[in-house]
Amino acid sequence: MSEPIPVTRAVGHGTAKLMPDVDRERAWLLTVDGAPQSYVDLDEPTHLEFEYARRLGHVLDVAAEPGVRLDAVHLGGGALTLPRYLAATRPGSRQHVVEVDEKLLELVTDELPLPPGAGVTLHTADARAWLEAAPDDSADVLVADVFGGSRVPAHLTSVAYVGEAARVLRPGGVYLANLPDAAPFAFLRSQLATLGTRFEELALIAEPGVLRGRRFGNAVLAGAHRPLDIAALARATAADVFPARVEHGAALRDFIGGARPVRDEDAVPSPVPPEGAFGIG
């Protein structure tokens, strides 16, 4: 049998490369301009390699009883890692993936096709524009993992954007976002304050080293109109190879402090990551 070889293709936001994992037979790493974007194991879609992806997966696991089907919206496609995960853990779920980079989506679907019956519908569109046109009360979960290059676009950080997300979610729905930052966490605090304008329940999941200001890194934010299973989340994230901490309630309110919600006219992209923060090799 011939060994898989890397695939390189120009996409809308740079140069994308799919590189096979030498330790897993049908696993691939997707990078764009050298920065890791997604990791997929076609034989084991429940394997989530990246820390932030596992944390998003933990929240998806507690969003409903095990095996219950969900209607999901994913803003940002990558290699379709989380849609594959949800299709495997909650068969029969209906999912929409919104990815602005058509050429990236073509690369992924050409080289790493979704399994038959995955229940995933792909859309090439701007995430906020698609969301604004989506029907009310149509999703159980909404996952935002959108990066323009290495930064979250400004128009996906405001009260108006969060209002659209809340409108599309059903009353018991859960909003999730993958956001990067570092101390003193001006961006992260403002995003939590912004989520708090529409969601009563908030949680933050991040590695202790990031929260202590030791390094730049990803944090997962969750928002809902109902209580989340914080105890189950804390157990799952603490058991990871790289454990994370769940901040919630009074501790999270203290973390937010006096941060103000973000208006469209004041919105800025997430901070520029320091050189090498998300590189490989």
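Just above, that's the structure.
What you see is a predicted model, and the numbers here were worked out from it, not measured in a lab. (Residues numbered from 1 in each chain as written. Predicted model: local features only at pLDDT ≥ 70, side-chain atom pairs only at ≥ 80, totals over all residues. Heavy atoms only, no water.)

**Q** Explain the sheet that holds strand β6 (residues 94-99) here, please?
**A** As a general point, the strands of a sheet are linked pairwise by backbone hydrogen bonds and lie either parallel or antiparallel. One open sheet holds the eight strands; their spatial order is β7-β6-β5-β8-β9-β11-β10-β12, and the pairing between them is mixed. What marks the edges here is a single partner per strand, and that holds for β7 (120-124) and β12 (245-248). Across the sheet, the axes of successive neighbouring strands diverge by a mean angle of 15°, strand direction being ignored. As paired strands, strand β10 (residues 201-206) and strand β11 (residues 217-224) are joined by six bridges and run antiparallel to one another. Among the inter-strand pairings, Ile205 is bridged to a residue of β11, identified as Val220. (Pairing = 2+ DSSP bridges. Helix = DSSP H or I, 4+ residues; strand = E, 2+ residues; numbered from the N terminus. Axes fitted to C-alpha atoms, helices over the stretch in contact; angles between N-to-C directions.)

**Q** Could you clarify how one ought to interpret empty space enclosed by the protein in this entry?
**A** Where empty space is left can be seen by rolling a probe of water-molecule size over the atoms. As enumerated under the stated definition, the model contains one cavity of 30 Å³ or more in all. Quantified by volume, the largest cavity comes out at close to 120 Å³. In this structure, the largest cavity is lined by 14 residues; those nearest its centre are Ala144, Leu156, Tyr175, Ala177 and Leu179. Contributions of two or more residues to the lining of the largest cavity are made by α5 (159-168), β9 (169-181) and α6 (186-195). With four residues, β9 is the largest single contributor of residues to the lining of the largest cavity. Considering only residue class, the lining of the largest cavity consists of 11 nonpolar, two polar and one charged. (1 Å grid on protein atoms, 1.4 Å probe; cavity = no way out; pocket = protein on both sides within 12 Å on 5 of 7 lines; lining within 4 Å. Points joined across faces, edges and corners; volume = space filled by probe spheres on them. Nonpolar A, V, L, I, M, F, W, Y, C, P; charged D, E, K, R; others polar.)

**Q** What should I look at first to understand the packing of aromatic side chains in this one?
**A** Pairs of aromatic rings are described using the distance from one ring centre to the other and the angle between the two planes. All chains considered together, the criterion is met by four aromatic pairs. Judged by centre distance (6.0 Å) and plane angle (20°), the rings of Tyr175 and Phe199 are stacked. In this pair, Tyr175 sits in strand β9 while Phe199 sits in the loop between α6 and β10, placing the two residues 24 residues apart along the sequence. Plain terms: the ring middles of Phe185 and Phe255 are 5.5 Å apart, the flat faces sit at 50° to each other, and that makes the pair tilted. Highlighted residues: Phe185 in the loop between β9 and α6 and Phe255 in helix α9 (residues 249-256), separated in sequence by 70 residues. For Phe185, a relative accessible area of 3% gives the class buried. (Phe/Tyr/Trp six-rings, centres within 6.5 Å; stacked < 30°, edge-to-face > 60°. Buried < 20%, exposed > 50% of the residue type's maximum accessible area, 1.4 Å probe, protein only.)

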